[in-house]
2 protein chains.
Amino acid sequence: MGKRIGRYTVSFSQKIKVVSFASVGGKKEAEGPLGQEFDKIFYDPMAGQKTWEQAESAFQREAVSIALSKGNIRAEDLDFAFAGDLLNQCISSSFALESFPFPYLGQYGACSTMAQCLLMGAITLESTVGRNCLCVTSSNFCSAERQYRFPLLYGGQRTPTAQWTVSGAGSVVLSSEFTGKAPVVTAATVGRIVDLGVTDANNMGAAMAPAAAQTIKDFFDDTKESVDSFDAVFTGDLGQVGSQLLYELLEKEGLSLRNNHIDCGLLIYDSKKQDVHAGGSGCGCAATVLCSHILPRLKSGVYNRVLFVATGALLSPTSGMQGNSIPSVAHLVELCAE
Amino acid sequence: MGKRIGRYTVSFSQKIKVVSFASVGGKKEAEGPLGQEFDKIFYDPMAGQKTWEQAESAFQREAVSIALSKGNIRAEDLDFAFAGDLLNQCISSSFALESFPFPYLGQYGACSTMAQCLLMGAITLESTVGRNCLCVTSSNFCSAERQYRFPLLYGGQRTPTAQWTVSGAGSVVLSSEFTGKAPVVTAATVGRIVDLGVTDANNMGAAMAPAAAQTIKDFFDDTKESVDSFDAVFTGDLGQVGSQLLYELLEKEGLSLRNNHIDCGLLIYDSKKQDVHAGGSGCGCAATVLCSHILPRLKSGVYNRVLFVATGALLSPTSGMQGNSIPSVAHLVELCAE
């Protein structure tokens, strides 16, 4: 049976395995350091659709189809899908998944969505009400800029702390009945909302770092593990500003992450050549790095044990314009090679 | 252990009990047939806040506080909170819950959110990774009108098929360790996305009825139960138009719901006196009716066994303006008196 370790961490008794996964990116992601590792690149930013929002759905649909196909899994065999995204009312997920026959549970965790979907999927399989489920999320530079900041044609200048929303989608199929070798979801720490009063919507790293620090501290407090037991601690999209703040916040708590921390937002683009300012961001950032970089390394044995900590800034343009600060959350998932 | 019944329905082996619940409404809800049954009424539509969005958060916060207080439950004893709402990026939930100390998992199911939170909570408790969790959702007439349709001051005319978004919040505390008598969550059917091509954002009943019909049919197909075994089948907010369509769709499948169907959207307002056109709607509609009307009757023994089927229209103003149809989903929860 699943159990609680300390106050915020849960562990799974079943072998909940990542039996398939896929990552889909756009042209800019193809030009980055992980370009060769994506399953599919859409060089057309519209992905053959009429709007950016529909393009984002197409990316997500493709990520699902590829994961099913790579794992030789029929859509009918999935018991549930956990999905979400950054667009208002999570429309890229709804429109992506309406063509599939499985039950759908929309998740909202902003850029923490992939970690949230993984932990909800793992909890659901642990309960034995299902045996196979899908986790998928996406983001798109054009749809996110228009919704959260300015229409692209306005040509707004980006600040140095701004991050570049990844155009991409990542999908994972979890199974509790697979008997082969595959990465395993072993534990998770569910985040609390943290709001230290940051109001700058162009500095998401600063808003989210305290949530990441709290969840990471919760995990190590609960499990009494040492940071060195992990090959890497991945954060979702703190970028340069947020990563630095994360180190400082955790050092105050006696935890040093500098040796084995990797931020997906700093990994996905080449900061010297790609002009993304403080790094990549978006639900698709952590999700594509998970599916193009982390999971393949867990599968091949390069990594033995990692933490995947995705952070989300839970603001809307309305709450921002009303002068509210940015509440954030971070969810953590422990992934182990089998 | 939890198990699957047929393709879409799950049942719980643990006694997952509704140990406390609370409903909060506004002035119009107080004037409706359930007015006396709410735990608290805010006669000030701003609830002492500066914006409607903040008012919605205040409603939700109050619903949580009252449920904790009625059940004599400490916030620290809740393992997880499942919450969501209609506002972009679910901000009424994030800002409502940031002052509480429990882990947060944002859910997006539009007006189906309360049923989704209940089933996610039940699955989570079934997995034994937690023993107590909170489910909460809200909606607000003013924040919803501005976001989905027109600013109120514009004075737009409402069509006859339009529904009135409930200003209200409902919260439920589920527990697997409570030994007293309380209503029990016994089974759930997770919905699939259904999209029959309805594009009229002023006719949500028509968009959502096919999803409700599918999920209700899935439940009866999976369980082989008879409709007569239930004191009532509640839908969330189909209103007059959607309820009629639901009967017609289910009759084609050989199921008659006319004798024991109740729509929360038709129960919450007096259609003759309150000028709400096709009925009430919003996440707060099903949630407040659940917490002010259904759960008290399960507790007192008036009802023995009911189905609570909340429907959600998964559109955004953007997808609507881009000419897309309205994907919908319905989630079903079976509730029994102990």
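Small disclaimer: the values here were computed from a predicted structure and weren't measured.

Asker: Could you give an account of the overall build of chain A, with specific residues and numbers?
Answerer: When helices and strands are counted, chain A shows 10 helices and 14 strands. The C-alpha radius of gyration computed for chain A amounts to 18 Å, which stays within 12% of the reference 20 Å derived for 338 residues, consistent with globular compactness. For chain A, the proportion of its 338 residues judged to be buried stands at 67%. Taking all contacts inside chain A whose residues are at least 6 apart in sequence as the whole, residues at least 24 apart take part in 78%. In chain A, the 27 positive side-chain charges and the 33 negative ones have mean positions that sit 2 Å from each other.

Asker: Before we move on, can you summarise the relation of the copies chain A and chain B with the specific residues and values?
Answerer: Under the fitted operation, chain A is carried onto chain B by 0.0 Å of movement along the axis and a turn of 180°, and the coordinates agree to an RMSD of 0.0 Å. Here the copies are linked by what is in effect a two-fold axis. No C-alpha of chain A lies nearer the rotation axis than that of Ser127(A), which sits 1.9 Å from it. Of all interface residues in chain A, 100% are interface residues in chain B too; the two copies therefore contact each other through one and the same surface.

Asker: Can you tell me about the environment of Leu246(B), naming the residues and giving the values?
Answerer: Within the element layout of this structure, Leu246(B) appears in helix α7 (residues 239–252). When the C-alpha atoms of Leu246(B) and Thr124(B) are compared, they prove to be 31 Å apart, with 122 residues separating the residues in sequence.

Asker: How would you summarise the pattern of salt bridges if you had to cite specific residues and measurements?
Answerer: All names here are of chain A. This model, assessed by the stated rule, comprises 32 salt bridges over all chains. Where Lys40 meets Glu62, a salt bridge forms, and the shortest distance between an N and an O atom there is 3.4 Å. One end of the pair, Lys40, is in strand β3 (residues 40–42); the other, Glu62, is in helix α2 (residues 52–70), and 22 residues separate them in sequence. Assessed through its relative accessible area of 30%, Lys40 is described here as partly exposed.

Asker: Can you break down the pairing of strand β5 (residues 104–108) of chain A residue by residue, with the values?
Answerer: Most of β5(A) is tucked away: 5 of the 5 residues are buried. Every second residue of β5(A) is oriented toward a common face, with Tyr104(A), Gly106(A) and Tyr108(A) on one face and Leu105(A) and Gln107(A) on the other, all of them buried. When strand β4 (residues 80–85) of chain A meets β5(A), the two strands line up parallel, connected through 3 bridges. Residue pairing across strands places Phe82(A) opposite Leu105(A), the latter belonging to β5(A). In terms of handedness, the path from β4(A) via helix α3 (residues 91–97) of chain A over to β5(A) forms a crossover that is right-handed. Examined bridge by bridge, β5(A) and strand β5 (residues 104–107) of chain B share 2 bridges and lie antiparallel to one another.

Asker: Explain the packing of helix α6 (residues 204–223) of chain B against α7(B) residue by residue, including any values.
Answerer: Residue and element names in this part refer to chain B. It is the contact of α6 with α7, at a shortest axis distance of 8 Å, that shows an interaxial angle of 40°. With respect to α7, the axis of α6 lies oblique. Between α6 and α7 lies a crossing whose hand is right-handed. Contacts between α6 and α7 involve Gly205, Ala206, Ala209, Pro210, Ala212, Ala213, Ile216 and Lys217 from the former and Gly242, Leu245, Leu246, Leu249 and Leu250 from the latter. Residue classes in the contact of α6 with α7 are distributed as 10 nonpolar, 2 polar and 1 charged.

Asker: Before we move on, could you go through the environment of Asn260(B) and cite the residues and values that matter?
Answerer: Residues and elements named next belong to chain B. Within the secondary structure layout, Asn260 lies in the loop between α7 and β11 (261–263). Expressed as a C-alpha distance, the spacing of Asn260 and Arg146, which sit 114 residues apart in the sequence, is 35 Å. Ignoring sequence-local partners within four residues, the contact set of Asn260 consists of Val227, Asp228, Phe230, Asp231, Ala232 and Val233. For Asn260, the side chain forms a polar contact with the main-chain oxygen of Val227, separated by 3.1 Å.

Asker: So what's going on with the environment of Arg131(B)? Which residues, and what values?
Answerer: Residues and elements named next belong to chain B. When you line up the elements, Arg131 lands in the loop between α4 (113–126) and β6 (132–139). For Arg131, a relative accessible area of 52% translates into the label exposed. Distance in space between the C-alpha atoms of Arg131 and Arg149 is 40 Å, their sequence separation being 18 residues. If sequence neighbours within four positions are ignored, Arg131 has contacts with Asp79, Leu125, Leu174, Ser175, Ser176 and Glu177. A distance of 3.4 Å separates polar atoms of two side chains, one belonging to Arg131 and the other to Glu177.

Asker: Tell me about helix α4 (residues 113–126) of chain A, and please be specific about residues and values.
Answerer: Residue and element names in this part refer to chain A. Compared with the 20 Å implied by 1.5 Å per residue over 14 residues, the 20 Å span of α4 between its first and last C-alpha is a close match. Burial of α4 is extensive: 14 of the 14 residues sit out of reach of the surface. Phi turns positive one or two residues past the end of α4, at Thr128, with a value near 65°.

Asker: Give a detailed account of the nonpolar core, specifying residues and quantitative values.
Answerer: Grouped together as the largest cluster of nonpolar side chains are 111 residues, with contacts concentrated most on Val172(A) and Val172(B). Excluding residues within four positions of it along the chain, Val172(B) makes contact with Val18(B), Ser20(B), Phe21(B), Met114(B), Leu118(B), Cys133(B), Leu134(B), Cys135(B), Leu290(B), Cys291(B) and Leu295(B).

Reading guide: rules and limits
Residues numbered from 1 in each chain as written. Chains lettered and ligands numbered in written order. Predicted model: local features only at pLDDT ≥ 70, side-chain atom pairs only at ≥ 80, totals over all residues. Heavy atoms only, no water. Helix = DSSP H or I, 4+ residues; strand = E, 2+ residues; numbered from the N terminus. Rg over C-alpha atoms; globule rule 2.2 N^0.38 Å. Buried < 20%, exposed > 50% of the residue type's maximum accessible area, 1.4 Å probe, protein only. Contact = heavy atoms within 4.5 Å. Lys, Arg positive; Asp, Glu negative; His and termini not counted. Charge placed at Lys NZ, Arg CZ, Asp CG, Glu CD. Least-squares fit on C-alpha atoms with pLDDT ≥ 70 in both. Salt bridge = Lys/Arg side-chain N within 4 Å of Asp/Glu carboxyl O. Pairing = 2+ DSSP bridges. Right-handed = clockwise from strand over helix to strand, strands pointing away. Axes fitted to C-alpha atoms, helices over the stretch in contact; angles between N-to-C directions. Parallel < 35°, antiparallel > 145°, perpendicular 65-115°, else oblique. Left-handed = near helix turned anticlockwise from the far one by under 90°. Nonpolar A, V, L, I, M, F, W, Y, C, P; charged D, E, K, R; others polar. Polar contact = N/O pair within 3.5 Å; in protein donor to acceptor, adjacent residues only side chain to side chain. Expected span 1.5 Å × (residues − 1). Core = buried A, V, L, I, M, F, W, Y, C linked by side-chain atoms within 4.5 Å.

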